Amino acid sequence: MSSTDAPRGPIDSSRVPRYAGPATFARLPRLDEVGRTDVAVVGVPFDTGVSYRPGARFGGNAIREASRLLRPYNPAQDASPFALAQVADAGDIAANPFNINEAVETIEGAADDLLGTGARLMTLGGDHTIALPLLRSVAKKHGPVALLHFDAHLDTWDTYFGAEYTHGTPFRRAVEEGILDTSALSHVGTRGPLYGKQDLTDDEKMGFGIVTSADVMRRGVDEIADQLRGRIGDRPLYISIDIDVLDPAHAPGTGTPEAGGLTSRELLEILRGLSSCHLVSADLVEVAPAYDHAEITSVAASHAAYELTTIMSRQIAAQREAKEAEDAK
């Protein structure tokens, strides 16, 4: 798509009520309606990897429903993301709920197909198991990527009940497989009890830095965003957000809630502070609507996905303009 091709945007909510019609993300067109897209919003309704409360398989559609309230102009980033690049809802990746290994392979293959079109991914989970196949796919395209992992938990444990693929193990597997740039890894928002101090020792050996939720509270979002930008540099970046990074007051609808988390405002401001980073894809996982109240969790998740989508759209537009200027010389 060139600068003369206008992206197809959301349904006009001044003409069609927000509560009417199918709930695609932000009321955007489906991928089959536009043919190709720059950013594919894709759901992965899979939660077989959870260790406590199930239900994240319904998270993607809950986020889509809550995203009906999103509007096309993002004042915080001074951008109209759906006018800068084509963003479309690519539907769901149907993964086997009875076989985790097969599901991981299916998700990786489907992500390969979408990334192969040139799109970036904004993935809606699902549980955090899905981050591993998504990272595998992104690394095939970009090489080992920097990772910012927003989560109450480390998710670098070895196994649960002998299983290597669970929502608590994806980033240990990713480090072992060499698909992460271990000079640019960070957890953000971690807190709560651990199995032992060795959890932190093992995590540090893998290359992760930790910004706790208390760090965010004491130091403020601007300083934290500055620190994260410095750690990432100009590397290709993948952002993975477990909605339980938010305090249960802001995100009750999740499987493993922990007290003392970020506010939704803090999360959104940190994400906005990363707008200069080279964001190649992202996921947002662990929304479990059965435990939600008044769509609090889904609304917060939809806004976080909106900020990430805006960052990617802005960068795509800037790259397109730079290429067209170079071609015009």
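Everything numeric here is computed off the predicted structure, so don't read it as measured data. (Residues numbered from 1 in each chain as written. Predicted model: local features only at pLDDT ≥ 70, side-chain atom pairs only at ≥ 80, totals over all residues. Heavy atoms only, no water.)

A. Molecular detail of the sheet that holds strand S4 (residues 145-150). Read across the open sheet, the eight strands follow the order S2-S1-S3-S8-S7-S4-S5-S6; overall the sheet is parallel. Looking at which strands have only one partner, the edges of the open sheet turn out to be strand S2 (87-92) and strand S6 (208-212). The average angle at which neighbouring strand axes cross in this sheet is 15 degrees, direction not considered. Here six bridges tie strand S1 (residues 39-44) to strand S3 (residues 120-125), and the two strands are oriented parallel to one another. (Pairing = 2+ DSSP bridges. Helix = DSSP H or I, 4+ residues; strand = E, 2+ residues; numbered from the N terminus. Axes fitted to C-alpha atoms, helices over the stretch in contact; angles between N-to-C directions.)

B. Examining the packing of aromatic side chains more closely. The tally for this structure, following the rule as stated, stands at three aromatic pairs. Ring geometry for Phe 82 against Tyr 306: centres 6.0 Å apart, planes inclined by 50 degrees, an arrangement best described as tilted. Of this pair, Phe 82 sits in helix H3 (residues 81-84) while Tyr 306 sits in helix H11 (residues 296-328), and the two are 224 residues apart along the sequence. For Tyr 306, a relative accessible area of 6% puts it in the buried group. Here the aromatic rings of Trp 157 and Tyr 195 are separated by 5.8 Å at their centres, their planes lie at 80 degrees, and the arrangement is edge-to-face. Remark: Tyr 195 occurs in the loop between strand S5 (180-190) and helix H7 (198-205) and Trp 157 occurs in the loop between S4 and helix H6 (170-176); sequence separation between them is 38 residues. (Phe/Tyr/Trp six-rings, centres within 6.5 Å; stacked < 30°, edge-to-face > 60°. Buried < 20%, exposed > 50% of the residue type's maximum accessible area, 1.4 Å probe, protein only.)

C. Fine view of the pattern of salt bridges. Tallied over the full model, the rule gives 23 salt bridges. Notably, a salt bridge pairs Glu 223 with Arg 219, separated by 2.9 Å at the nearest N-O pair. Take Arg 219: its relative accessible area is 31%, and that puts it in the partly exposed class. When salt bridges with common partners are traced through the structure, they connect Glu 108, Asp 112, Arg 136, Lys 140 and Glu 177 into a single cluster. (Salt bridge = Lys/Arg side-chain N within 4 Å of Asp/Glu carboxyl O.)

D. Main features of helix H4 (residues 100-116). Compared with an ideal rise of 1.5 Å per residue, which puts 17 residues at 24 Å, H4 spans 24 Å between its outermost C-alpha atoms and is within 8% of the ideal. Considered for burial, the residues of H4 that qualify are Ile 100, Ala 103, Val 104, Ile 107, Glu 108, Ala 111, Leu 114 and Leu 115. Buried positions in H4, seen along its axis, are confined to an arc of 135 degrees and lie on one side of it. Opposite the packed face of H4, turned more than 90 degrees from it, sit the exposed residues Glu 105, Asp 113 and Gly 116. Structurally, H4 contributes buried residues whose contacts are with helix H1 (31-34), S1, S2, S3, helix H5 (131-142) and strand S8 (278-285). A distance of 3.2 Å separates the backbone nitrogen of Asn 101 from a side-chain oxygen at the start of H4, and that oxygen is part of Asn 99. Just downstream of H4, Gly 118 is the residue with a positive phi angle, here 100 degrees. (Expected span 1.5 Å × (residues − 1). Arc of directions from axis to C-beta. Contact = heavy atoms within 4.5 Å. Polar contact = N/O pair within 3.5 Å; in protein donor to acceptor, adjacent residues only side chain to side chain.)

E. Looking closely at the pairing of S3. By the criterion of burial, S3 is predominantly enclosed, with six of the six residues buried. By the alternation rule, side chains of S3 split into Arg 120, Met 122 and Leu 124 and Leu 121, Thr 123 and Gly 125, which are all buried.

F. View of helix H10 (residues 264-272). Among all positions in H10, only Glu 266, Leu 267, Leu 268, Ile 270 and Leu 271 are buried. Lining the buried residues of H10 we find S4, helix H8 (213-219), helix H9 (221-232), strand S7 (236-242) and H11.

G. Main features of the packing of H4 against H5. Where H4 contacts H5, the two axes come as close as 8 Å, and the packing angle between them is 35 degrees. For the pair H4 and H5, the sense of crossing is right-handed. Side by side, H4 and H5 meet where Val 104, Ile 107, Glu 108, Ala 111, Asp 112 and Leu 115 of the first sit next to Pro 133, Leu 134, Arg 136, Ser 137, Val 138, Lys 140 and Lys 141 of the second. Its residues placed into classes, the contact of H4 with H5 shows seven nonpolar, one polar and five charged. (Left-handed = near helix turned anticlockwise from the far one by under 90°. Nonpolar A, V, L, I, M, F, W, Y, C, P; charged D, E, K, R; others polar.)

H. Structural context of the environment of Ala 301. Within the secondary structure layout, Ala 301 lies in helix H11. Setting aside residues up to four positions removed in sequence, Ala 301 forms contacts with Ile 63, Ile 243, Leu 284 and Val 287.

I. Quick look at the UniProt feature "binding site: Mn(2+)" (unreviewed entry) in the protein. Taking the UniProt record as the reference, the feature "binding site: Mn(2+)" (unreviewed entry) is found at His 128, Asp 151, His 153, Asp 155, Asp 242 and Asp 244. For the residues just named, distributed over 117 residues, the greatest C-alpha separation is only 12.2 Å, placing them together at one site. Assignment of secondary structure puts Asp 151 in the loop between S4 and H6. Overall, Asp 151 belongs to the buried group, its relative accessible area being 0%. When sequence neighbours within four positions are dropped, the list of residues in contact with Asp 151 reads His 128, Val 188, Gly 189, Thr 190, Asp 242, Asp 244 and Val 245. (UniProt positions renumbered as here; feature names shortened; annotations may be inferred.)

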